[in-house]
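In case you want the letters, here they are:
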Amino acid sequence: MVTIKDVAKISGVSPSTVSRVISNNPRISEETKKKVRKAMKELGYHPNINARNLVAKSTKAIGVIMPSSADKALQNPFFPEILRGIMSVIHKVEYSMSLSTGETEEEIFHEVQRMVHGSYVDGVILLYSRIDDKVTTFLREQGFPFVIVGKPHDFETEITHVDNDNFRAGKEITKHLISMGHKQIGFIGGSRDLFVTRDRENGYLAALQEAGIKDCDSYMIHTEFLKSGGREAVEHLMSLDTPPTGLVVSDDLISLGMLSMLEEYGIRVPQDISMVSFNNVYLSEITRPALTTVDIQIYDLGAQSAKVLIEKTKNKNEPTKRIIIPHKIVYRDSVSER
């Protein structure tokens, strides 16, 4: 069995120096670190991370909490992309990630309790922001480090969060449809319990009001962030006496479901109905027609949330932060003039 002493002997340093290299001590020169790591690799030495973390009172792990069960959430390309952003940061600092889901809000809550009380992670990232969320309340009461991707329901100035300006994005993308001559514009969003849906919908309503267009309740639908949700939305809209000529859809995956359903109805996009969307997932570019959508920089949302959480786990006095990731509209082929 290879020991620290063996590594020290090969690299020509003391065992304590090897230990400091393993713990990534900033006082050790890069040259010494390279020499020690080379010796570790040659000898096949792997440090006992659990023992080291026990001494440091750190798990070197973070928990990432999905908003619903993995089989549903991972159907949406948003989540693999935000996880990629998170992993890009934690990999560099040699942290691990514990991904948690549950079929119900209650299951998710119990899983987070287990993580916290069992000291399985140093901090938690919530990939959602929900009204009256038990998990958020629990984490605040425990004083446990956590970050929300989205806007907190309460205590906005006390909870570190990473978000887009979804109100502004919703307003801008709706104004694009209005500028193309559309006046009957629908909104398809996810659950109204989610702040991202509320902010985008409020932006849509503000754009209509600014343009002097009366909003219509039958044009506003709330569904799941899944392709099946888009199909249900089309069935409702096509049953109306006066269907909308333009649609603001709160998620690209819903849009994809809507495109296939509209095709079944013989309705062409953008010739018969225009559609704009959010998130700019990779599928939005390769579908036909390619979607005009708001690029919310999903990867950056994940990377920044991981960065600020790790800062909080290392320094309990780290100030609360509100990080807004910029968005931009990507103009493609799903909109035409009215």
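Up top is the structure.
(A) Inspection of the overall build of the protein at higher detail. Looking only at helices and strands, one finds 14 helices and twelve strands in the protein. Taken over the C-alpha atoms alone, the protein extends approximately 80 × 40 × 30 Å along its principal axes. For the protein, the proportion of its 338 residues judged to be buried stands at 51%. Within the protein, contacts between residues separated by at least 24 positions form 69% of all contacts whose residues are at least 6 apart in sequence. Accessible surface, the protein: about 16800 Å² in total, of which carbon and sulfur atoms supply 49%. Between the centroid of the 42 positive side chains of the protein and the centroid of its 44 negative side chains there is a distance of 11 Å.

(B) Summary view of the sheet that holds strand E6 (residues 185-189). Spatially, the six strands line up as an open sheet ordered E7-E6-E8-E9-E10-E12, and their pairing is mixed. The open sheet terminates on both sides in strands that have one partner only, identified here as strand E7 (220-222) and strand E12 (328-330). Between one strand and the next, the sheet's axes are offset by a mean angle of 20°, whatever the strand orientation. Taken together, the three bridges between E6 and E7 define a ladder with parallel strand orientation. Of the residues in E7, the one forming a bridge with Phe187 is Met220. Docked against the sheet, helix H9 (residues 166-179) engages E6, strand E8 (246-249), strand E9 (274-278), strand E10 (292-295) and E12, running at close to 165° with respect to E9.

(C) Summary view of the nonpolar core. Core analysis: the biggest nonpolar cluster contains 62 residues, and Ile82, Ile86, Leu127, Val248, Met258 and Met275 have the highest contact counts within it. Residues within four places of Met258 in sequence aside, it is in contact with Ile188, Gly230, Arg231, Ala233, Val234, Leu237, Leu247, Val249 and Met275.

(D) Looking closely at the packing of helix H1 (residues 4-11) against helix H2 (residues 15-22). H2 packs onto H1 with a crossing angle of 100° between their chain directions and a minimal axis gap of 8 Å. Comparing their axes, H2 and H1 come out roughly perpendicular. Across from Ile4, Lys5, Val7, Ala8 and Ser11 in H1, the residues of H2 making contact are Pro15, Val18, Ser19 and Ile22. Taken together, the residues of the contact of H1 with H2 sort by class into six nonpolar, two polar and one charged.

(E) Highlighting the packing of aromatic side chains. Going through the model one piece at a time under the given rule, you end up with three aromatic pairs. Here the aromatic rings of Phe78 and Phe79 are separated by 5.0 Å at their centres, their planes lie at 85°, and the arrangement is edge-to-face. Lying over the aromatic face of Tyr128, Arg130 brings its terminal NZ or CZ to 4.6 Å of the ring centre. Sitting over the ring of Phe155, Arg140 keeps its end group 3.6 Å from the ring centre.

(F) Examining the sheet that holds strand E1 (residues 61-65) more closely. Pairing is parallel across the open sheet formed by six strands, whose spatial order is E2-E1-E3-E4-E5-E11. The open sheet has two edge strands, strand E2 (96-100) and strand E11 (322-324), and neither has a second partner. Averaged over all adjacent pairs, the angle separating strand axes in this sheet is 20°, with direction ignored. Bridge count for E1 against strand E3 (residues 123-126) is four bridges, and the pairing is parallel. Residue Ile62 lies in a different strand from E3, and its bridge partner there is Gly123.

(G) Focus on the environment of Thr287. Inspection of the secondary structure assignment puts Thr287 in the loop between helix H13 (283-286) and E10. Thr287 gets classed as buried once you look at its relative accessible area, which sits at 17%. Each residue touching Thr287, except ones within four places of it in the same chain, is listed here: Leu256 and Leu259.

(H) Representation of the side chain of Asp122. Mapping Asp122 onto the fold places it in the loop between helix H7 (105-117) and E3. Notably, Asp122 is buried but unbridged: the nearest opposite-charge side chain belongs to Lys316, and the N-O separation is 6.9 Å. A polar atom in the side chain of Asp122 sits 2.9 Å from the backbone nitrogen of Thr59.

(I) Structural detail: the pattern of salt bridges. Scanning the model with the defined rule gives 15 salt bridges in all. As a salt-bridge pair, Arg268 and Asp272 come within 3.1 Å of each other at their nearest N and O atoms. A relative accessible area of 47% means that Arg268 is categorised as partly exposed. For Asp272, a relative accessible area of 30% puts it in the partly exposed group. Sharing partners across several salt bridges, the network here consists of Lys171, Lys175 and Glu210.

(J) Spatial organisation of the packing of H9 against helix H10 (residues 195-210). Closest axis-to-axis distance for the H9/H10 pair is 7 Å, and the angle between their directions is 40°. When the axes of H9 and H10 are compared, the pair comes out oblique. Along this stretch, H9 crosses H10, giving a crossing that reads as right-handed. Where H9 abuts H10, its residues Asn166, Phe167, Gly170, Lys171, Thr174, Lys175 and Ile178 lie against Val196, Asp199, Arg200, Asn202, Gly203, Tyr204, Ala206, Ala207, Leu208 and Glu210.

The rules behind these values
- Residues numbered from 1 in each chain as written.
- Predicted model: local features only at pLDDT ≥ 70, side-chain atom pairs only at ≥ 80, totals over all residues.
- Heavy atoms only, no water.
- Helix = DSSP H or I, 4+ residues; strand = E, 2+ residues; numbered from the N terminus.
- Buried < 20%, exposed > 50% of the residue type's maximum accessible area, 1.4 Å probe, protein only.
- Contact = heavy atoms within 4.5 Å.
- Areas by Shrake-Rupley, 256 points an atom, 1.4 Å probe, with all protein chains shown as cover.
- Lys, Arg positive; Asp, Glu negative; His and termini not counted.
- Charge placed at Lys NZ, Arg CZ, Asp CG, Glu CD.
- Pairing = 2+ DSSP bridges.
- Axes fitted to C-alpha atoms, helices over the stretch in contact; angles between N-to-C directions.
- Core = buried A, V, L, I, M, F, W, Y, C linked by side-chain atoms within 4.5 Å.
- Parallel < 35°, antiparallel > 145°, perpendicular 65-115°, else oblique.
- Nonpolar A, V, L, I, M, F, W, Y, C, P; charged D, E, K, R; others polar.
- Phe/Tyr/Trp six-rings, centres within 6.5 Å; stacked < 30°, edge-to-face > 60°.
- Lys NZ or Arg CZ within 6 Å of the ring centre and 35° of its normal.
- Salt bridge = Lys/Arg side-chain N within 4 Å of Asp/Glu carboxyl O.
- Polar contact = N/O pair within 3.5 Å; in protein donor to acceptor, adjacent residues only side chain to side chain.
- Left-handed = near helix turned anticlockwise from the far one by under 90°.

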